[in-house]
Amino acid sequence: MSKIYILLTLVLVFSSCSTSVPTIVKYKVASNVDINKFEATKCKSKSVKVSSVLTSSSLMSKDMSYVQGDSKVFEYSESAWLNNPNLSVSRELVKMLRDIDIYKSVQEVKSRSKSDLIIESTLEDFMQYYSNDLKSSFAVVQINLTVIDSKTNEVLLSKTFKSKIKTKSLDAKGGVEALNLALKKVLEDSSAWLIEGCK
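Residues numbered from 1 in each chain as written. Predicted model: local features only at pLDDT ≥ 70, side-chain atom pairs only at ≥ 80, totals over all residues. Heavy atoms only, no water.

Asks: Would you mind showing me how to read the overall build of the protein chain here?
Replies: Looking only at helices and strands, the protein chain features three helices and eight strands. Along the protein chain, from the amino end to the carboxyl end, the secondary structure elements read α-β-β-β-β-α-β-β-β-β-α. When contacts within the protein chain are restricted to residue pairs at least 6 apart in sequence, long-range pairs at least 24 apart make up 71% of them. (Helix = DSSP H or I, 4+ residues; strand = E, 2+ residues; numbered from the N terminus. Contact = heavy atoms within 4.5 Å.)

Asks: Quick question: what am I supposed to make of the packing of aromatic side chains here?
Replies: Aromatic rings considered in pairs are described by the distance between their centres and by the relative angle of their planes. Counted under the stated rule, the structure contains six aromatic pairs. The interplanar angle of 40° and the centroid separation of 4.6 Å between the aromatic rings of Tyr 66 and Tyr 76 together place this pair among those described as tilted. With a gap of 10 residues between them, Tyr 66 in strand β3 (residues 63-68) and Tyr 76 in strand β4 (residues 72-81) connect regions that are remote in the sequence. The residues Tyr 66 and Tyr 76 share a single accessibility class, namely buried. By way of ring pairs, the aromatic residues Tyr 66, Phe 74, Tyr 76 and Tyr 130 are connected into one cluster. Across from the ring centre of Phe 138, 4.2 Å away, lies the NZ or CZ of Lys 164, which sits over that ring. (Phe/Tyr/Trp six-rings, centres within 6.5 Å; stacked < 30°, edge-to-face > 60°. Buried < 20%, exposed > 50% of the residue type's maximum accessible area, 1.4 Å probe, protein only. Lys NZ or Arg CZ within 6 Å of the ring centre and 35° of its normal.)

Asks: Got a minute to help me understand unusual backbone geometry in this structure?
Replies: One can expect most non-glycine residues to show negative phi and most peptide bonds to be in trans. Positive phi, close to 55°, is recorded for Asp 101, a residue that is not glycine. Looking at the element boundaries, Asp 101 is found in the loop between α2 (85-100) and β5 (105-108). For Asp 101, a relative accessible area of 42% corresponds to the partly exposed category. Unusually for a residue other than glycine, Asn 153 sits at a positive phi of about 65°. Tracing the chain through its elements places Asn 153 in the loop between β7 (137-149) and β8 (155-166).

Asks: In this structure, what is going on with the pattern of salt bridges? I would like to understand it.
Replies: A side chain of one charge can pair with a side chain of the opposite charge when the charged atoms of the two come close. Under the defined criterion, the tally for this structure stands at six salt bridges. The salt bridge involving Glu 177 is made with Lys 173; its shortest N-O contact spans 2.8 Å. Highlighted residues: Glu 177 and Lys 173, both in helix α3 (residues 172-197), separated by four residues, approximately one helical turn. Overall, the relative accessible area of 33% leaves Glu 177 in the partly exposed class. Among the residues examined, Lys 173 registers a relative accessible area of 44% and is labelled partly exposed. Notably, a salt bridge pairs Asp 189 with Lys 185, separated by 2.6 Å at the nearest N-O pair. A residue pair is termed a helical-turn pair when its members lie 3 or 4 positions apart in one helix, as Asp 189 and Lys 185 do in helix α3 at four residues. Look at Asp 189 and you get partly exposed, because its relative accessible area is 30%. (Salt bridge = Lys/Arg side-chain N within 4 Å of Asp/Glu carboxyl O.)

Following this line, the structure appears as structure tokens:
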């Protein structure tokens, strides 16, 4: 009987000391780009290699940050990225370049194959912003793309694309939805620009 009493006491002690850990909800970057294909034959004989996306260290983390007002940066405690935005945007960019089908081939930076063109990209902004009073929010995606001749290092094309989307809800979920829509708009605009450059 005494053993049962001691066991029950230990169970009660440990259960009272245990703390519940909040579940971390992980979100995926997914642009779901709609590609409008047009006849563009000038680049069809060219192979392309996509360099690693350049960005700030904060976008190389799975932590999900947001900005309040002009300069206050915070992190969501119960939300995170499945993969860091830098890697995810790089994959979305490569997918878009393959889908528009205007180049002979599109290779990632790790490929050992040589290429005629190099596409460099800088992820300048990928963030959810709140007003100072936290009553409104929007997401911004800004990417600079540069097409370079790999033999001469000449810059053939360069342009910055930006999209700003208002969030439907004032939370991480709303921010992710708006960021994905903004990324979709940026990739669609940049695909049209690349196609035009190869006509």
